[in-house]
Amino acid sequence: MTVDAHTNRLADETSPYLLQHAHNPVDWYPWGEEALARARAEDRPILLSVGYSACHWCHVMERESFEDERIAALMNAHFVCVKVDREERPDIDQIYMNALQMMTGQGGWPMTVFLTPEGKPFYGGTYYPPEERLGRPGFPRILEAVAEAWATRRGEIEEQGSALVVEIGRAGALGGPPAPVTADLLARAFQGLTASFDRRMGGFGGAPKFPQPMILEFLLRHARRTHRDSPREMATLTLDRMSFGGVYDHLGGGFHRYATDAFWLVPHFEKMLYDNALLARVYLHAWQATGDAHYRSVAEETLNYVLREMTDPAGGFYSSQDADSEGEEGRYFVWSAEEVREVLGEEDAALFARCYDVTPRGNWEGKTILNLTAPPDAFARAEGIAPEELGERLEAMRARLLERRKRRVKPGRDEKVLVSWNGLMLAALAEAATALGRADYVAAATTNAEFVLGEMAAERPGPGGQILLRLRHSGRAADGKDASRAFRVAPAEGYAEDYAAYALGLLALHEASGEVRWLADAVRLADALLALFADPEGGFFQTAVDAEKLVQRPKESTDNAAPSGTSLAVEALLTLSAITGERERYEPAAAETLRRMAAAMERHPAAFGRLLCAADLFVGPVQELAVVGPPEAAGTAALLREARSGYRPNLVVARAAAEPPAEGAPALLAGRGMVGGVPTAYVCEGYVCRRPVTEPAALAEQLGG
């Protein structure tokens, strides 16, 4: 493809982030053999720029530098320039972020790394301004200095790059020699988390403050395991403060990425699919654990937001919404007191202002970020209004303000569909469908599964020639107009997190729908996960054994903003081990990974929130529930609602719609039928099964509190 003044090689990509750079004067390449071959043929270094669509400073660097003709000319003259969407290629991002952190002690996006033609990193940074500013060197000076070093100190650069590649490999190794995974380990991990807990505002550490839903999940699990109040109180304080603060969208539902302060007031306004999937799930679990209706409301509002604003007509879930609109961060979400009065009228506006902190001065840059000034019940008492009446009045006001907000210019939306993040949202939707009796959630989850497995999965050979259900990682509709448009799948093969996250989503959908096909597909994905990603020495590689060969085969073990492929794989395999009864097939790889990571989980629990949850499942006890009955039968729904009315994180469920169960049904269903033609539940624990029951009260007694 020839590059002209109007377009470059990124114009044919599926990533919205890459397409945002398609008209830069930079001679951009997507990552691939064409770029690497040119670098080798011309003996040029590679300038690798990594970012993502919702990244504010990525947009700033594009406007300031990549659209600048003079800077682009420098880039084109000295480097082969490669642009990568970190969400589309997490393997490349993982490798070179590790390198950047080793070189500079910090990382972030946009990420700018200089590589040898063989892909070895030798210099890098994050955001560079177009000229020297606030102690940061200007980007042109960096470009000239790196080009000169490449020309005059080549041997030193090659040596440094080779040494960094070795260190990157060491960074991906598992924690250490195997160690027991016990309840004591979980207790020590909990104690480690208490040291950084903010006992006034919830969360961990100071500003900026991130939600960390996986750690909150572990706290809820640990409270149940130990029957202690303190882990649950840590979780609920954090959940309360987040949902009262500005980091939560009180009008449209859903959470912004993080708070820039320690009080959950001022968010970085982008919204990510994975955050909202994980947070909806933990708020649902908090409702199950406490019975507090506020948590249920937040979970439903978050899921409703995703279905309303982040769902493709064909069924896929979009990746993110930007922080900016009309060139300003947060403009879409903030309010003035005058505009609130204009929409609500004086009386309602006065009540709303007292509740949501709306003042003439504002609380951020002269505007107001909506946040609750007091818990809803406490505010109702102070106002002398019945909580139910107040709730109805405020709900009506929020709806009117939301309608006004919809007239504004919306933030940009990254309509890329990522299988791993779709799996997280599928699981949250399906779990909520079961617990809340929401048929619309079942329908949306089913549509998503049919879409992802139809568009982004296919039977293809594995490394040994065996036929596996294989995934691609990313795709996007050809345009944003209608549901009939073609869906384009990006070339990158699926990663471990795709297989594991989507398998877990399908298991939740099997429970919600009763359809055995989703369980069968989860099994196929787990089999592919073991064949393609398992390391015989423990853990899971991020890339498949037959994937593109990079300078290292990355292995992601820590849980960051989203859970790692390793944590998800362990959880999926342990769950399938219990459901299918095929422990020798699924448990060894999961157990060995946990034992190898035991010391690391104990030393650095904040980095392993989801893996600690998987370890809690491994330590057990695990309860197994088989429910046999037609999906449409009221008795079937009643049994399932009872099972999920309380918080039972180590309960695994298999369902059969008919008797005898369909061929290929898991061991948990073998020989199980309805008693007297009535939907029936079977509870097993520790290789012992209870008598079958048909009444929800009897099931509750068997499952315990």
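Since we're looking at a predicted model, the values are computed, not measured. (Residues numbered from 1 in each chain as written. Predicted model: local features only at pLDDT ≥ 70, side-chain atom pairs only at ≥ 80, totals over all residues. Heavy atoms only, no water.)

Draft legend 1. Looking closely at the nonpolar core. The biggest cluster of nonpolar side chains holds 161 residues, and the ones touching the most others in it are Met75, Phe139 and Tyr283. Contact partners of Tyr283, with chain neighbours within four places excluded, come to Leu239, Met242, Ser243, Phe255, Tyr295, Val298 and Ala299. Judged by nonpolar contacts, the second largest core, of 25 residues, contains Leu251, Ala353, Leu372 and Phe379. (Core = buried A, V, L, I, M, F, W, Y, C linked by side-chain atoms within 4.5 Å. Buried < 20%, exposed > 50% of the residue type's maximum accessible area, 1.4 Å probe, protein only. Contact = heavy atoms within 4.5 Å.)

Draft legend 2. Inspection of the packing of helix H10 (residues 229-244) against helix H11 (residues 273-290) at higher detail. The interhelical angle for the contact between H10 and H11, taken along N-to-C directions, is 125°, at an axis separation of 11 Å. The orientation of H10 relative to H11 falls into the category oblique. In this structure, H10 crosses over H11, and the sense of that crossing is left-handed. Residue-level contacts link Arg232, Thr236, Leu239, Met242 and Ser243 of H10 to Leu279, Val282, Tyr283, Ala286 and Thr290 of H11. (Axes fitted to C-alpha atoms, helices over the stretch in contact; angles between N-to-C directions. Helix = DSSP H or I, 4+ residues; strand = E, 2+ residues; numbered from the N terminus. Parallel < 35°, antiparallel > 145°, perpendicular 65-115°, else oblique. Left-handed = near helix turned anticlockwise from the far one by under 90°.)

Draft legend 3. Quick peek at the packing of aromatic side chains. The tally for this structure, following the rule as stated, stands at 21 aromatic pairs. Look at Phe66 and Phe139: their rings are 6.3 Å apart centre to centre, the planes differ by 70°, and that puts the pair in the edge-to-face class. Of this pair, Phe66 sits in helix H3 (residues 56-66) while Phe139 is found in helix H6 (residues 139-152), placing the two residues 73 residues apart along the sequence. With relative accessibility at 0%, the residue Phe139 sits in the buried group. Cluster of aromatic residues (ring-pair linked, three or more members): Trp28, Phe66, Tyr128 and Phe139. Over the ring of Tyr441 we find Arg438, and its NZ or CZ is 4.0 Å from the ring centre. (Phe/Tyr/Trp six-rings, centres within 6.5 Å; stacked < 30°, edge-to-face > 60°. Lys NZ or Arg CZ within 6 Å of the ring centre and 35° of its normal.)

Draft legend 4. Structural view of the layout of surface pockets. Counted as a void, the second largest pocket has a volume near 1,100 Å³. Forming the walls of the second largest pocket are 39 residues, and the residues nearest its centre are His294, Ser297, Glu301, Pro376 and Arg398. Taken together, the elements giving at least two residues each to the lining of the second largest pocket come down to H10, helix H12 (293-309), helix H14 (346-356), helix H15 (376-383) and helix H16 (387-405). Classifying every residue of the lining of the second largest pocket by side-chain character gives 19 nonpolar, eight polar and 12 charged. (1 Å grid on protein atoms, 1.4 Å probe; cavity = no way out; pocket = protein on both sides within 12 Å on 5 of 7 lines; lining within 4 Å. Points joined across faces, edges and corners; volume = space filled by probe spheres on them. Nonpolar A, V, L, I, M, F, W, Y, C, P; charged D, E, K, R; others polar.)

Draft legend 5. Up close: helix H21 (residues 565-580). Here H21 contains 16 residues, and its C-alpha end-to-end distance of 22 Å stays within 8% of the 22 Å for a straight helix at 1.5 Å per residue. In terms of residue burial, H21 counts as a mostly covered element, since 16 of its 16 residues are buried. (Expected span 1.5 Å × (residues − 1).)

Draft legend 6. Highlighting the sheet that holds strand S21 (residues 688-689). The strand order S19-S18-S20-S21 describes an open sheet built from four strands, whose pairing is mixed. Because the sheet does not close on itself, it has two edges, and the strands there are strand S19 (651-656) and S21. Of the strand pairs in this sheet, strand S20 (residues 680-685) and S21 are connected by two bridges, and their pairing is antiparallel. Bridge assignment links Cys684 to a residue of S21, and that residue is Cys689. The strands touched by H21 are strand S18 (623-628) and S19; relative to S19, the strand with the most contacts, the crossing angle is about 50°. (Pairing = 2+ DSSP bridges.)

Draft legend 7. Fine view of the sheet that holds strand S2 (residues 46-51). The strand order across the open sheet built from five strands is S1-S3-S2-S4-S5, with neighbouring strands paired in mixed fashion. With one partner strand each, in any of the chains shown, strand S1 (28-30) and strand S5 (121-125) form the two edges of the open sheet. Strand-to-strand twist in this sheet, taken as the mean axis angle between neighbours without regard to direction, amounts to 30°. Across five bridges, S2 lies against strand S4 (residues 111-115) in antiparallel orientation. Bridge pairing in S4 places Leu47 opposite Phe114. On the sheet, helix H5 (residues 90-104) packs against S2, strand S3 (80-85), S4 and S5 and is oriented at approximately 80° with respect to S5.

Draft legend 8. Structural view of the pattern of salt bridges. Applying the stated criterion to the full structure yields 60 salt bridges. In this structure, the salt-bridge partner of Glu87 is Lys416, at a minimum N-O distance of 3.0 Å. Of this pair, Glu87 sits in the loop between S3 and H5 while Lys416 sits in the loop between strand S12 (413-414) and strand S13 (417-418), placing them 329 residues apart in sequence. Given a relative accessible area of 4%, Glu87 falls into the buried group. It is possible to trace a salt-bridge network through shared partners that takes in Arg9, Asp27, Glu34, Arg38, Glu42 and Arg44. (Salt bridge = Lys/Arg side-chain N within 4 Å of Asp/Glu carboxyl O.)

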